[in-house]
Amino acid sequence: MRIAYLISAHTDPQQLLRLVEALGEEAHCFVHIDKKSSLERFTSLIKGDRVHFLEERIDVRWGTINEWYYQRLLLEAAVSYPLHFDRLVTLSGLDYPLWSNRRIEAYFERHREEEQLAAMPLMETVHGKDIFRELRLYLTLPLIGSKGNQRLSILVRKAAKALGYKRAYTFRVGGELWREYKGAAWWAISQELAEYVLDTYERYRKQILRQFRHQHCPAETLLPTLALNSPRWKARCKLFPPETTLKEKTLLHHIQYAAAIKVWTLDDYDELKASGKMFARKLTTEASLPLIEVIDKDRA
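This structure is a prediction, so every number in the text was calculated from the model and none was measured.

**So, the overall build of the protein chain**
- Looking only at helices and strands, one finds twelve helices and 13 strands in the protein chain.
- Across the 300 residues of the protein chain, 53% fall into the buried class.
- Put simply, of all contacts in the protein chain between residues at least 6 apart along the chain, 74% involve residues at least 24 apart.
- About 14400 Å² of surface is accessible on the protein chain, with carbon and sulfur atoms providing 52% of the total.

**Focus on the packing of aromatic side chains**
- For the structure on display, the rule yields ten aromatic pairs.
- Their ring planes at 65° and their centres at 5.2 Å tell us that W68 and Y201 sit as a pair that is edge-to-face. Taken together, the positions of W68 in helix 3 (residues 66–79) and Y201 in helix 6 (residues 191–203) put the pair 133 residues apart, joining distant regions of the chain.
- Classification of W68 as buried rests on a relative accessible area of 0%.
- Judged by relative accessible area, which is 0%, Y201 ranks as buried.
- Consider the rings of W99 and Y107, whose centres lie 5.6 Å apart with planes at 75°: the pair is edge-to-face. For the pair W99 and Y107, one class covers both residues: buried.
- In textbook terms, an aromatic cluster arises when at least three aromatic residues are bridged by ring pairs, as seen for F30, Y81 and F85.
- Sitting above the plane of the W99 ring, R103 keeps its charged end 3.8 Å from the centroid.

**What about the sheet that holds strand 11 (residues 238–239)?**
- Judged by pairing direction, the sheet is mixed, and its three strands sit side by side in the order 9-6-11 without closing on themselves. Only two strands of the sheet have a single neighbouring strand rather than two, namely strand 9 (181–183) and strand 11.
- Both strand 6 (residues 118–121) and strand 11 contribute to a ladder of two bridges, which runs parallel. Bridge pairing in strand 11 links A119 to L239.

**A few points about the pattern of salt bridges**
- Enumeration over the complete set of coordinates arrives at 14 salt bridges.
- Here D59 makes a salt bridge to R61, at a shortest N to O gap of 3.1 Å.
- Across the pair E202 and R205 runs a salt bridge, and its minimum N-O distance is 2.7 Å.
- A residue is classified by how much of its surface remains accessible, and E202, at 39% relative accessible area, is partly exposed.
- The partly exposed category is assigned to R205, whose relative accessible area is 30%.
- What emerges from the salt-bridge pattern is a single network uniting D34, K36, D59 and R61.

**Some words on the pairing of strand 4 (residues 87–92)**
- Taking burial as the measure, the six residues of strand 4 include six buried ones, the bulk of the element.
- What you see with strand 4 is no split at all: R87, V89 and L91 on one side and L88, T90 and S92 on the other are buried throughout.
- In the sheet, strand 1 (residues 3–9) pairs with strand 4 via six bridges, with the strands oriented parallel. Considered in strand 4, the bridge of A4 is made with L88.

**Comments concerning helix 4 (residues 101–110)**
- Those residues of helix 4 that fall on the buried side of the exposure criterion are I104, Y107 and F108. Take helix 4 and look down its axis: the buried residues cluster within an arc of 95°, on one side only. Those residues of helix 4 that are exposed and angled more than 90 degrees off the buried face are R102 and R110.
- Where the residues of helix 4 are buried, they touch strand 1, strand 4, strand 5 (95–97), strand 10 (188–189) and strand 13 (279–281).

**Comments concerning the pairing of strand 2 (residues 28–33)**
- Counting buried positions along strand 2 yields six of six residues, so the element is predominantly enclosed.
- Where burial is concerned, the two faces of strand 2 agree: the one with H28, F30 and H32 and the one with C29, V31 and I33 are both buried.
- With six bridges connecting them, strand 1 and strand 2 associate as parallel partners. Looking at the pairing, A4 lines up with H28 of strand 2.
- As for the winding sense of the linkage, the β-α-β connection from strand 1 through helix 1 (residues 13–22) to strand 2 is right-handed.

**A closer look at the sheet that holds strand 5**
- Taken together, the three strands give an open sheet; going across it, the order is 5-13-12, and neighbouring strands pair in mixed fashion. The open sheet has two edge strands, strand 5 and strand 12 (253–255), and neither has a second partner. When the angles between neighbouring strand axes are averaged without regard to direction, this sheet yields 25°.
- By the bridge criterion, three bridges tie strand 12 to strand 13 in an arrangement that is parallel. Bridging from a neighbouring strand, H254 pairs with A280 of strand 13.

Parameters and conventions
- Residues numbered from 1 in each chain as written.
- Predicted model: local features only at pLDDT ≥ 70, side-chain atom pairs only at ≥ 80, totals over all residues.
- Heavy atoms only, no water.
- Helix = DSSP H or I, 4+ residues; strand = E, 2+ residues; numbered from the N terminus.
- Buried < 20%, exposed > 50% of the residue type's maximum accessible area, 1.4 Å probe, protein only.
- Contact = heavy atoms within 4.5 Å.
- Areas by Shrake-Rupley, 256 points an atom, 1.4 Å probe, with all protein chains shown as cover.
- Phe/Tyr/Trp six-rings, centres within 6.5 Å; stacked < 30°, edge-to-face > 60°.
- Lys NZ or Arg CZ within 6 Å of the ring centre and 35° of its normal.
- Pairing = 2+ DSSP bridges.
- Salt bridge = Lys/Arg side-chain N within 4 Å of Asp/Glu carboxyl O.
- Arc of directions from axis to C-beta.
- Right-handed = clockwise from strand over helix to strand, strands pointing away.
- Axes fitted to C-alpha atoms, helices over the stretch in contact; angles between N-to-C directions.

Here it is in structure tokens:
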């Protein structure tokens, strides 16, 4: 079982080094460092033939189409590499494995005919309530910064709601009517599905970007939508009902979502252990070193 880890990072090079080392000498790590961050801080510390830092980098702005752009770069780097990978797994630089590498490989081997990608169909209303309003509009103006864009988008969404505007959750691609799906940004897929996603995106780029360019968090919708509108790949993915939470759709990671994602410490070890998940997010050099020591003993 050959695994490629697609890692996005922007801070804490020491923690990224721990992650790469924990994933083992057999794993290939394709790493995208946010264009706003110093690449040299990472490359001077993290070396090895199986660690591949992307030369092209994206100025990542949370909630915008730029998140899909760096996802695409990581996918392209992995599928164009001379080796064939059985699984492509997305990680943050602040993730850490809770399972041993042998257990991770065995899990993917047992589930070789499945994609570890979960999503739900987006609908205008669920039980009479519009629970996807935040996905409707996201405007990006480079000169006003990420906080300015977030504030602008909130105003635009409020104005759109007041005017009765509703963003469609179906759209046409290549003459077919597609439904939009929402998953999580963390998944593990086969190289064949990755190739299908990249090929479909290139063939229908204009139609796809028209739907997703100004959407909030396309990192959670664009790839699942491409996968689940194919009968072949939909059969290999996990489909949830529309009211499913983001935590439920995050199949491999234990994450505590709130106003900000919780940073795990030693006090949280029992919760992480009981989660049964493959990875934890997020851990930092400042807060999580005692926890990492315990995890390493347990997963050895």
